[in-house]
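Survey of secondary and tertiary structure
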Amino acid sequence: MGTDKIIVALAGQPNCGKSTVFNALTGARQHVANYPGVTVEKMTGWYRYGDVRVTVVDLPGTYSLTSYSPEERVTRDFILHQAPSVVVNTMDASNLKRCLYLTFQLMEMEIPVILNLNMMDVAQNRGMTIDTTALSRSLGVPVVPTAITRGKGKTDLQAAILEIAGQGLSSVPARVDYREMTPYISSVQERVTALTDLGDRYPVRWLAIKLMEGDEAVRELIREKTDQYAQLLLEVDKFRQQFKAAMDTVPDMHVATCRYRAAEGIARPCVTQSERARKTLSDRIDALVCHKLAGPVFMVGVLWTLYYLSIVQGYQITNYTWPLLAGFRNLVSDILPVSGFIDVPLTRAFFLWLVDSVNALLNYIPIFFILFACIAFLEDSGYMPRMAFIMDRLFSRYGLHGQSTLPMVLGGIYVGGCAVPGVMSCKGIPDERSRLATILIIPMLNCLAKVPLYVLLINIYFAPHKGWAMFFISTISMLMVLPVSKLLTLTVLKDKETAPFVMEMPPYHLPTVRGVLGRALERVWLFIRKITTIVVALAVVIFVLLQFPGIGPDRMAQYETRKHAAVRSFYEEITGTGYEADLADNRLMAMIHFWENFRNKKMRVKSPEAAQAIDTEFEADNARFFSLVKPGRDREAKQVNRALKTLIRERSQLLQEMRAERINNSFLGYAGKALVPLTQWAGFNWRVNVALLGAFAAKESAVATLGALYEQGDASESLESRMARGEQDFTPLHALALMMFMVLYPPCLATAIAVKLQSGSVKWMLFAMGYPMLLGLVVASLIFTGGSLLGLSGLQAMAAFYLLALAITIAAGFITPARSGAT
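Residues numbered from 1 in each chain as written. Predicted model: local features only at pLDDT ≥ 70, side-chain atom pairs only at ≥ 80, totals over all residues. Heavy atoms only, no water.

Turning our eyes to something else, we now look at the overall build of the protein. For the protein, the helix and strand inventory stands at 36 helices and 8 strands. Sorting the 823 residues of the protein into buried and exposed places 54% on the buried side. Sequence-distant contacts in the protein: of pairs separated by 6 or more residues, those separated by 24 or more amount to 76%. For the protein, the accessible surface area stands at approximately 37,100 Å², while carbon and sulfur atoms represent 59% of it. (Helix = DSSP H or I, 4+ residues; strand = E, 2+ residues; numbered from the N terminus. Buried < 20%, exposed > 50% of the residue type's maximum accessible area, 1.4 Å probe, protein only. Contact = heavy atoms within 4.5 Å. Areas by Shrake-Rupley, 256 points an atom, 1.4 Å probe, with all protein chains shown as cover.)

So, in C-alpha cells, the structure goes:
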C-alpha cells in the first residue's frame, strides 16, 4: 500500500478521548466533552507528516459494529465501503477489557488496525500498569500508548499511522475463538462463497459471523447484491436454528460471550493493578450521586440550581441588555422614513417589524448563555451520564431514553426552557425510537415563550388561586408528554430501531473556565446564526399576512376625517398663544416626533444626572419645542402642552384602531374567522384564533397580537384590563382551555426547522407540527365543552383534568414491561 493518499479512520467507544485525538492530529476545534456521544456525525480533517498529507475521519463513538443505532451504521459503513488506509482504534486505557470488544470487530473486518491506548494518565492514576508490548503481541496489531490531553504520544501515533499505511501489518491479527459456533461459521462462509461474489468486496468470514448474529443490515446487503439471496438466507436461518437447538442459546449472545471471554483472556496478563488504588474518587462520589434514593434528590438539586442561575438570574440580566436592544431599535427608527399623523410608511413598518422580531429572540441571549455554560459545566464534569442513568428507569417506561433527560431539561421540563436547544441536543440519544419520540414531545414542554400567555390568563381569570394555577401549568406538560411519548412509540414509531441503554460512566473532571465559557459562547453563536436567519424569513411572511389586504379606501377616508377633526381641534385650542406659528403646517409632526423621542429616551434613564443630560440635549436641539414638553411656569406653554397631550393620545388611539382593523382585514385575520366553526368547541373566538396563528412565528407573538387586538382605553390601561374588558363573555373555563392549547401548541418555526435538522425528514417536521395541534384542540374542547356540560368552574375543571392526566400517565407506564437495559 502506498503513502501518496492516506485516509485514517478514528474509531472507538464513546468518551475514550477520540475527538481529542482528532483535534490533536488535525488542529481542529471539534467539540470535546466529558460526556458519551458527543461525536454523532463523522468529521474530517487533515495534517501533514513530513511530505505526506493524511486525511483523518473521526467516526461516531460506538460500543460495537452491529446495526442497532445510526452511530454504529455510520462507523461500519464507512470502514466497509470507504476502505480507509488504516483504522486507529482509540480506547480508554483504564477500561481495556471492555474496549477490546470493539477492537475484535474491527479486526474481523480485515483492515489494518492500530490500537491507540489513550488516557494512559488516567489508567496510571488508577494504579494500572499495562504491558503494551505483550498486548501488541497478543493482538497482532501495533499498540501506541498516548495521553493526548497532556500532549503525550502524538508523534508516536503519527509515525505508526505512516508505517502501517505504507507497509501494512507485519503480523497476523488475532482471531476470536467462537468455539462451538466455528463449524457453523465455516459452513456459512462456504455457502456465501458458493452462492455469491461478495467475497471480492467484503471479508467472507466477517459476513458469515454477522449472518450468524442475525445482523439485519448484512441480510439486506445479501438481498441487494445477490440473486440467490433467498436460498442463502434460508440456509443461514437453518444454521442459526441448529446452533440454538444444540447450544440452548441464541447465536448473537454466544458471539458476544466469546468476544468478552477473549477480551478477558488478553487483558488479564497485560494489566496489573495495585490494590491501593482500586476505589477511585469517582467511585466514592458515585456512591452518593448514583444512589437509588440520594441520587434523584441530588439531581433535583442540580436541576433547580441550573434553573435558578439561568432563568431567574439570566432574566435579571435582561434588564440591562434590553435597553441596548431598544437603543438599536431607536437607531433604526431614526434612519427610516418618519411616520405621518396616521400614515406609517411601509418600509418603516416592515423594518421595525423585523427588528422587533429579532430583538424578541436576542433578549433571551443572557438566559441562554448561562444555561449553556451550566450545561457545559455538567458535561465536562461527567455528571451528565449519571443523570441519564438515574432517569432511564422512569423514562424507559414511556419509550424514552435516559439520555432524553438533557433535551427535556433544556426544552422546559418545568417552566422556562426553549425547545430549539432541546431538540438540537437530541442528537446524542443513540436509540432512534427514543430520539424521535423525544424530538416530537419536546415542543409540548413549557418553553419560556409560553409563559407570558400563562401569566396573562392566570392574572385575569385565576387571580385568587395563582399559586395552584402556576403549579398546574408547570407540571401538567410532563403529564401530557409521557403518555404521548408512550403512544407514539407504540404506534408511528413502533418499527424504529431501539438499542439498550448502554452508557460509560466517565471519571469526574474539574471543568476549566476557558472550556466552559468557550462552549457557551460557541453554542450561543450557533443559536444566533441559525435562528435569526429563520426568524427574519418568518417575520417577512407574517408581516405580509398581517398587513394585507389591509384597510379599505372607505375606512381610510373615515380615519382621515377623524384625523383632520383632531388636528383642527388642536389648533383651535392653541389659537392666540405665542406658539401657534411654531406648530403650523408640517411643524406639528416635527413637534410630535420631538415629543416621542424625548419620551423614549427618558424611559431608559436611571439617574437624575442622565435625565438632566437629556433635558440639556433636547433643549439645545429646539428650545421652543422643549418648552412645550416641559412648560414649567409658562401658562401659554402649559395650555399648548395639554392640547398636545390630547392630540398625541387621539393619534395613538387612531393608530391602535387602524392596527386592529388591519389585522382584522388581513389574510391572517380571515384565517382566524374561518377557524371559528372548528375552534368554537374549545371556546376560542376569531381574536384568539388570530393570536394563536401569530404564535406560529414565535409563541411570544400570541400576547403581542392580543395587545394589538384589544383596544386601548388610555395609556395606563394594562393588557389584562383590556382583554377582560374586550372579552366580557370569557370565563376561567375559556382561559383553562386556552392555556392547555398553548401547552400542546405546535412548535414554532425555529423549532420546526430544528426538528427537520435532527430527524433528517420533512415528514417528521410536518408530523411534529400537525399532531400537537389536533391533540391540543381535542384537549381544549374536552375541557371547555365537557366542563360547560358538567357545570364545572375553571378551578374544578383544572383539578379534574389534572387527576385524569395523572391517572393516564401512571396507567401508560404499566402498559408494557419496562425495556430491559444495561449500564
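The subject of this paragraph is the packing of aromatic side chains. This structure, assessed with the given rule, holds 17 aromatic pairs. The interplanar angle of 40 degrees and the centroid separation of 6.0 Å between the aromatic rings of phenylalanine 471 and tyrosine 802 together place this pair among those described as tilted. You can see phenylalanine 471 sitting in helix α21 (residues 466-490) and its partner tyrosine 802 sitting in helix α36 (residues 794-812), a full 331 residues away along the chain. Here the aromatic cluster, defined as three or more aromatic residues joined through ring pairs, consists of Phe594, Phe598, Phe618, Phe625 and Phe626. Over the aromatic face of tryptophan 46 sits the side chain of arginine 53, whose NZ or CZ is 4.0 Å from the ring centroid. (Phe/Tyr/Trp six-rings, centres within 6.5 Å; stacked < 30°, edge-to-face > 60°. Lys NZ or Arg CZ within 6 Å of the ring centre and 35° of its normal.)

The pairing of strand β2 (residues 43-49) with strand β3 (residues 52-58) spans 7 bridges and is classified as antiparallel. Residue pairing across strands places glycine 45 opposite valine 56, the latter belonging to β3. Once β2 ends, the chain turns through 2 residues before running back antiparallel as β3, passing glycine 50 with a positive phi of about 70 degrees. (Pairing = 2+ DSSP bridges.)

As a further point, take unusual backbone geometry. Note that the residue after phenylalanine 548, namely proline 549, is joined by a cis bond; omega there is 0 degrees. The topology assignment puts proline 549 in the loop between α22 (513-547) and α23 (553-574). The phi dihedral of alanine 83 falls on the positive side, at around 45 degrees, and the residue is not glycine. With a relative accessible area of 54%, alanine 83 lands in the exposed category.

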